[in-house]
Amino acid sequence: MELREQSIKAVRQQIAAKKISAVELCKAAFARIEKLADLNAFISLTREDALAQAQAIDQAAQSGAELPPLAGTILAVKDNMVMRGVKTTAGSKILYNYIPPYTATAVERLQAAGVIIVGKANCDEFAMGSSNENSAYGIVKNPWDTERVPGGSSGGSAVAVAAGMAMAALGSDTGGSIRQPAGFCGIVGLKPTYGRVSRYGLIAFGSSLDQIGPFANSVEDIAQLMNVMAGRDPLDSTSSEKATDDYVAALDGDVQGLRVGVPKECFGEGLDAEVREKIEASIKKFAELGAEIIEVSLPHSEYAVPVYYLIATAEASSNLARFDGVRYGFRAEEAYTLKDMYNRTRDEGFGAEVKRRIMLGTYALSAGYYDAYYGKAQQVRALIEGDFRNAFDRCDVIVTPVTPTPAFKLGEKTANPLEMYLSDIYTITLNLAGVPGLSMPCGLASNGMPIGIQLISRHFDEARLLKAAHNLEQATGLGFKPRAIEGL
Ligand code: GLN
């Protein structure tokens, strides 16, 4: 059974009609996970719980009961979301033995809707990274070319879906960590509007930027997951009260008259020629489908990388203060005073990138520098948000690349953090503004690697975003494995 060819809807129907069994599907997923263990997509597996859940679904099907909307969906969960009784590390040594006493709301809602969770996906430590080379549990490899990165920080989640180990996955996106690995692995990923999906139970990185979102093989599957995940959660005060839409129903209809904005700043220097070519072909496709193409401008984009790396690191330095050896996880052994224990625990427990960010963030927040750095960054952030508002006065959806290049080689950028940070140039503006963005495949480079396109909409306009993406996907035929990753 090929998980990459199964839609969420079809799986539920086939289980209900008793044409396939959830247990069989679940076993096929674990066989695939074992076979592809070298990709290192998972930090831990939840085999027993998964099989028990699958059995319960089969029993419900046998009894003729109506199955919940996501019955039988094989799901991977990024290891920075807590699940009661399941080890959750956030890719860090400092949480190597942490067993949470509660479950993240997004995960809980999906569980209630019948998903089968096969395991916790590998990720960059505390979601800091663009290549999944920062995990304390080893690097993750791209299934299209195992010498290349899968993207980060939700690399394990993206690989699990792209390589057919799961039908869908949860990731988190602070500056691109869903959209970038989706692009590098040739699948679909959505960062919802800030506040659309509850962050309760997501281990915080940059709280004003973080958002949980889904990965899947098709836009329709993303809509199915959003129908369950989205909406107000009293446990997250930043989750929105705004009513959700029926995202699956929203896929119907064409894009006749849709105003597609193309920001000129995103097609300048540094963009790979093949990426540009594929994005331009997709824009042409939109025009053929009846959309109106409009040039727009996001004039403050050039400040996005420095602004993001001030705000994200400042918030991270504060969020990560709680990992001190007292409350959770790892504690250094050889320590003789309380302060010594804090110092050694954090020194031994955190990896290099996390330490770099804590230092940057602590510096930016320190007395005398706060206004010059964090305060100034917040002001420029407001300008970036204003850019989107102005652009959306003239268009409904914006199209940009996801990344300047397709997936790069493992080790290629690890020695140069600044170069690594620049790979987020097209994705981080959305987190700064809070608007939703979707990344989907739009073709292959001549070296065989997938190329992604990013679609952006107004706050809480996921319905229109998904509809546009669905139309493009249908027109290009790129839903469900753009190229079979054979031999794996
Ligand atoms: N690559 C970006 C960073 O390293 C974004 C990470 C993310 O979205 N979690 O901060």
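Everything discussed here concerns the structure shown above.
Residues numbered from 1 in each chain as written. Predicted model: local features only at pLDDT ≥ 70, side-chain atom pairs only at ≥ 80, totals over all residues. Heavy atoms only, no water.

Caption draft 1: Region of the structure containing the overall build of the chain. Of regular secondary structure, the chain possesses 15 helices and eleven strands. The C-alpha radius of gyration computed for the chain amounts to 21 Å, which stays within 12% of the reference 23 Å derived for 488 residues, consistent with globular compactness. If you line up the chain on its principal axes, its C-alpha atoms span 65 × 55 × 45 Å. Residues classed as buried in the chain amount to 60% of the 488 residues present. At a minimum sequence separation of 6, the contacts of the chain that also span at least 24 residues come to 76%. A total accessible area of about 18,000 Å² is found for the chain, and carbon and sulfur atoms account for 50% of it. Separation of charge centres in the chain, based on 49 positive and 57 negative side chains, amounts to 2 Å. (Helix = DSSP H or I, 4+ residues; strand = E, 2+ residues; numbered from the N terminus. Rg over C-alpha atoms; globule rule 2.2 N^0.38 Å. Buried < 20%, exposed > 50% of the residue type's maximum accessible area, 1.4 Å probe, protein only. Contact = heavy atoms within 4.5 Å. Areas by Shrake-Rupley, 256 points an atom, 1.4 Å probe, with all protein chains shown as cover. Lys, Arg positive; Asp, Glu negative; His and termini not counted. Charge placed at Lys NZ, Arg CZ, Asp CG, Glu CD.)

Caption draft 2: Spatial organisation of helix α11 (residues 352-365). Compared with an ideal rise of 1.5 Å per residue, which puts 14 residues at 20 Å, α11 spans 20 Å between its outermost C-alpha atoms and is within 8% of the ideal. Buried residues of α11: Glu353, Val354, Arg357, Ile358, Gly361 and Ala364, and no others. Down the axis of α11, the buried set is contained in an arc of 135°. They therefore lie on one face. The exposed set on the far side of α11, more than 90 degrees from its buried face, consists of Ala352 and Met359. (Expected span 1.5 Å × (residues − 1). Arc of directions from axis to C-beta.)

Caption draft 3: Main features of the site of the ligand. Near the ligand, the surroundings consist of 15 residues, among which Thr174, Gly175, Ser177, Tyr308 and Arg357 are the closest. Within the side chain of Ser130, one N or O atom sits 2.8 Å away from a nitrogen atom of the ligand. Burial of the ligand by the surrounding chains reaches 99%, relative to a free accessible area of 290 Å². Comparing atom positions with the cavity grids shows the ligand to sit within the largest cavity. Partitioned by chemical class, the residues of the shell around the ligand number five nonpolar, seven polar and three charged. (Near = heavy atom within 4 Å. Polar contact = N/O pair within 3.5 Å; in protein donor to acceptor, adjacent residues only side chain to side chain. 1 Å grid on protein atoms, 1.4 Å probe; cavity = no way out; pocket = protein on both sides within 12 Å on 5 of 7 lines; lining within 4 Å. Sits in = over half its atoms within 2 Å of the grid points. Nonpolar A, V, L, I, M, F, W, Y, C, P; charged D, E, K, R; others polar.)

Caption draft 4: A look at the sheet that holds strand β2 (residues 74-78). Strand order in this open sheet of eleven strands is β1-β3-β2-β4-β6-β5-β10-β11-β9-β7-β8, and the pairing throughout is mixed. The open sheet has two free edges, formed respectively by β1 (42-45) and β8 (292-296), since each of these has just one partner strand. With direction set aside, neighbouring strand axes in the sheet form an average angle of 30°. The pairing of β2 with strand β4 (residues 168-172) spans three bridges and is parallel. (Pairing = 2+ DSSP bridges. Axes fitted to C-alpha atoms, helices over the stretch in contact; angles between N-to-C directions.)

Caption draft 5: Spotlight on the packing of aromatic side chains. In the structure shown here, the tally under the stated rule is 14 aromatic pairs. Aromatic pair Tyr309 and Tyr421: ring centres 3.8 Å apart, planes at 15°, arrangement stacked. In this pair, Tyr309 sits in helix α9 (residues 304-319) while Tyr421 sits in helix α13 (residues 417-422), placing the two residues 112 residues apart along the sequence. A single burial state applies to Tyr309 and to Tyr421, both of which are buried. When the ring of Phe323 is compared with that of Tyr328, the centres are 5.6 Å apart and the planes differ by 45°; the resulting orientation is tilted. Residue Tyr328 is classed as partly exposed on the basis of its relative accessible area, which comes to 26%. Feature note: the residues Tyr98, Phe126, Phe323, Tyr328 and Phe350 constitute an aromatic cluster, connected by ring pairs. Taking the ring centre of Phe330 as reference, the NZ or CZ of Lys93 above it sits at 4.8 Å. The positively charged end of Lys413 is found above the aromatic ring belonging to Phe408, 4.6 Å away from the centroid. (Phe/Tyr/Trp six-rings, centres within 6.5 Å; stacked < 30°, edge-to-face > 60°. Lys NZ or Arg CZ within 6 Å of the ring centre and 35° of its normal.)

Caption draft 6: Structural view of the environment of Cys26. Mapped onto the secondary structure, Cys26 falls in helix α2 (residues 22-35). Using a relative accessible area of 0% as the deciding quantity, one classes Cys26 as buried. Expressed as a C-alpha distance, the spacing of Cys26 and Ala50, which sit 24 residues apart in the sequence, is 7.2 Å. If we skip the residues at most four places from it in the chain, Cys26 touches Ala50, Leu51, Ala54, Ile74 and Ile116.

The analysis is restricted to geometry; functional conclusions fall outside its scope.
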